[in-house]
Structures are given as C-alpha cells and as structure tokens.
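Letter by letter, the chains look like this.
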Amino acid sequence: MDNLGVIVPFYNEKNTLADSIERLLSVNIFSEIILSDDNSNDGSDIIAKHYEEKKDNIKYIKSSTNKGKGNALNNAKNHITTKFVVIHDADLEYFPEDLVEMFKEAKLNPKSLIIGSRFIGNKKRINIYRRTYFANKVMSSFFSFVHFCKISDIATCYKMMMTDIFKEIDLYENGFSIEIEIVSKFLKKHKSIIEVPIKYEGRSYEEGKKIKPIDGIMYLINTIKYKIY
C-alpha cells in the first residue's frame, strides 16, 4: 500500500503549530502524522496532545532534552509505519498541498529522494531576507559541485522518500545541518533525486525564525564532511 506519513519536528511553536497541523489535515493524504517535540517549554505540547486526542492518525512524542531538529527526526524514526515519509516543519513557511505532487512522483519513483524546491518553477514565494535567499543558492551550488549532482535547494524542509530508506540512514546532526546529512547519506546508496516546485513564505526572526548565519557555515563544512565520511 502506497501510504504516506509525515513527521512534524518542532520546538516552541505554540503560535504556529495548530495552523500547521490544520494545513496538513486539510490536504488529507496522510495516513499518519507524527508530532515530534524537541522538549518545548512554551505550551506547544498542550496543542500537540489536543490533536493526538482529537485525531486517530496523529501521534505525539516528546524528547527529554532539547537538541535540535535532527534530534526530533531521530526520535520519530521508530514510530513511522507508512511506506513513504515526508518532513514538514511547523513554522508555516511551507504549504502541504505541494506534497500532493511530490507524493505522485514518489509513487512513480519509489527509490528516489523527492525534494520540494523553492527555486525552480514559478510558484509563489515570499523571501523576507535577501541574504538568506542568496545563501541558500550558494549552499545548493556548493553541495551540487561537491557531490556531483544537481540540487537547486539543499536547505529545503520538504524531503520525501520511502520509509525503509529513511530508517536506514543513521542521523547524527541535531541542528539544521540535518538537511545536508540526509541528502548526503541518501546519495551514497541511492543516486536518484527529483525536485518538485513548491511555494514558500518565509517568516521573520521576530515571528520565530530560528536558523542563524552559523548554520549556513555549518552547511558548507558538513557538505564536505559527509562527502568524505
């Protein structure tokens, strides 16, 4: 059965979590939704538990310590039961209706990594910070050069693949470099990557954006690190 599960990693997202979950529910293509809490302390857990009680296909798990997005994804691994899985951040920058087209590609190309790209196609995108936009371009070009592949958006949240493939990837990064680690390790065993255009609406740091300039530097360092090791 070609069913799809989604992992929602989050930390202190009480202002956006409910709306993010509602976006997923409105698309109605997910057999299960795993809300993976990286030890929030702002009341996000109350919202997540409410949805777990309300919906049979929603499961809430919580980390005992706050380590980062990679930690939240790792904690969710053993809870996935669907054939395919995708990652969806809780910050309202992404739109789950784009996952419908990505899922079509995944079913046609089950051994491929399906990436939602914010740089190809002509879908609506709102980028608040020009430096972040150009940094993403540079990081993607650098990753493509180092790994001998063509990827327009390495830092995107939307990555979809077969669950068995996701589970066999040992994840060590706790922070945002998890995006680099996932793709790098996928490429070591499976060469096919397919990009699908997606919409994007970036939020400001005042609204809770968490990625920092140091994360961009770590992207570049880890691009080389995971090519070598």
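To start, this report covers the structure provided alongside it. Here the structure is a predicted model, which means the values were calculated and not measured. (Residues numbered from 1 in each chain as written. Predicted model: local features only at pLDDT ≥ 70, side-chain atom pairs only at ≥ 80, totals over all residues. Heavy atoms only, no water.)

### Quick word on the overall build of the protein
Now for step 1: Looking only at helices and strands, one finds eight helices and nine strands in the protein.
Now for step 2: Projected onto its principal axes, the C-alpha positions of the protein cover 45 × 40 × 35 Å.
Now for step 3: Here the protein holds 229 residues, and the buried ones make up 53% of them.
Now for step 4: A sequence separation of at least 24 residues applies to 80% of the contacts in the protein between residues at least 6 apart.
Now for step 5: On the protein, roughly 10,800 Å² of surface is accessible, and the fraction owed to carbon and sulfur atoms is 53%.
Now for step 6: Between the averaged position of the 35 positive side-chain charges in the protein and that of its 31 negative side-chain charges there is a distance of 5 Å. (Helix = DSSP H or I, 4+ residues; strand = E, 2+ residues; numbered from the N terminus. Buried < 20%, exposed > 50% of the residue type's maximum accessible area, 1.4 Å probe, protein only. Contact = heavy atoms within 4.5 Å. Areas by Shrake-Rupley, 256 points an atom, 1.4 Å probe, with all protein chains shown as cover. Lys, Arg positive; Asp, Glu negative; His and termini not counted. Charge placed at Lys NZ, Arg CZ, Asp CG, Glu CD.)

### Observations regarding the sheet that holds strand E7 (residues 159–162)
Now for step 1: One open sheet accounts for seven strands, arranged E3-E2-E1-E4-E7-E5-E8; its pairing is mixed. If you trace the sheet from one side to the other, it starts and ends with strand E3 (58–62) and strand E8 (193–197), each paired once. Taking the axes of each pair of neighbouring strands and ignoring which way they run, one obtains an average angle of 20 degrees across the sheet.
Now for step 2: Pairing of strand E5 (residues 113–117) with E8, which is carried by five bridges, proceeds in the parallel orientation. Among the inter-strand pairings, glycine 116 is bridged to a residue of E8, identified as valine 196.
Now for step 3: Set on the sheet, helix H2 (residues 44–54) makes contact with strand E1 (4–10), strand E2 (32–37) and E3; between it and E3 the angle comes to about 150 degrees. (Pairing = 2+ DSSP bridges. Axes fitted to C-alpha atoms, helices over the stretch in contact; angles between N-to-C directions.)

### Concerning the packing of aromatic side chains
Now for step 1: Following the criterion strictly, the structure yields five aromatic pairs and no others.
Now for step 2: An aromatic cluster is defined as three or more aromatic residues linked by ring pairs; in this entry it consists of Tyr94, Tyr158 and Tyr200.
Now for step 3: The ring of phenylalanine 103 is capped by lysine 107, whose NZ or CZ atom sits 4.5 Å from the centre of that ring.
Now for step 4: Its guanidinium or amino end placed over the ring of phenylalanine 95, lysine 199 lies 4.8 Å from that ring's centre, counting from NZ or CZ. (Phe/Tyr/Trp six-rings, centres within 6.5 Å; stacked < 30°, edge-to-face > 60°. Lys NZ or Arg CZ within 6 Å of the ring centre and 35° of its normal.)

### Regarding the environment of tyrosine 158
Now for step 1: Looking at the secondary structure, you find tyrosine 158 in the loop between helix H5 (130–147) and E7.
Now for step 2: By relative accessible area, tyrosine 158 is classed as buried at 0%.
Now for step 3: Each C-alpha atom of the pair tyrosine 158 and serine 117 lies 7.9 Å from the other, and the pair is 41 residues apart in sequence.
Now for step 4: Once you skip the residues sitting within four places of it in the chain, tyrosine 158 turns out to touch Ile87, His88, Tyr94, Phe95, Pro96, Leu99, Met102, Ile114, Ile115, Gly116 and Ile198.

### Looking at helix H4 (residues 98–108)
Now for step 1: If you check which residues of H4 are buried, you get Asp98, Leu99, Met102, Phe103 and Ala106. Along the axis of H4, the buried positions cluster into a sector of 125 degrees, meaning they face one direction only.
Now for step 2: Check the buried side of H4 and you find it contacts E1, strand E4 (84–87), E5, E7 and E8. (Arc of directions from axis to C-beta.)

### Points about the packing of helix H3 (residues 69–76) against helix H7 (residues 178–189)
Now for step 1: Where H3 meets H7, the closest approach of the two axes is 9 Å, and the angle between their N-to-C directions is 50 degrees. Here H3 lies oblique to H7, going by the angle between them. Between H3 and H7, the contacting residues are Lys69, Gly70 and Leu73 on the first element and Ile178, Glu179 and Ile182 on the second.
Now for step 2: Of the residues belonging to the contact of H3 with H7, the class tally is three nonpolar, one polar and two charged. (Parallel < 35°, antiparallel > 145°, perpendicular 65-115°, else oblique. Nonpolar A, V, L, I, M, F, W, Y, C, P; charged D, E, K, R; others polar.)

### Considerations on the pattern of salt bridges
Where charged atoms from two side chains of opposite charge come close, those side chains can pair.
Now for step 1: Scanning all chains against the criterion turns up ten salt bridges.
Now for step 2: Between aspartate 98 and lysine 123 there is a salt bridge, and its shortest N-O distance comes to 2.6 Å. Of the two residues, aspartate 98 is situated in helix H4 and lysine 123 in the loop between E5 and strand E6 (125–126); the sequence distance between them amounts to 25 residues.
Now for step 3: Across the pair glutamate 181 and lysine 185 runs a salt bridge whose closest N-O atoms are separated by 2.7 Å. Highlighted residues: glutamate 181 and lysine 185, both in helix H7, separated by four residues, approximately one helical turn.
Now for step 4: Taking the relative accessible area as the measure of exposure, glutamate 181 reaches 0% and is therefore buried.
Now for step 5: What makes lysine 185 buried here is its relative accessible area of 18%.
Now for step 6: A network of salt bridges, in which partner residues are shared, links Lys69, Asp89, Lys159 and Glu179. (Salt bridge = Lys/Arg side-chain N within 4 Å of Asp/Glu carboxyl O.)

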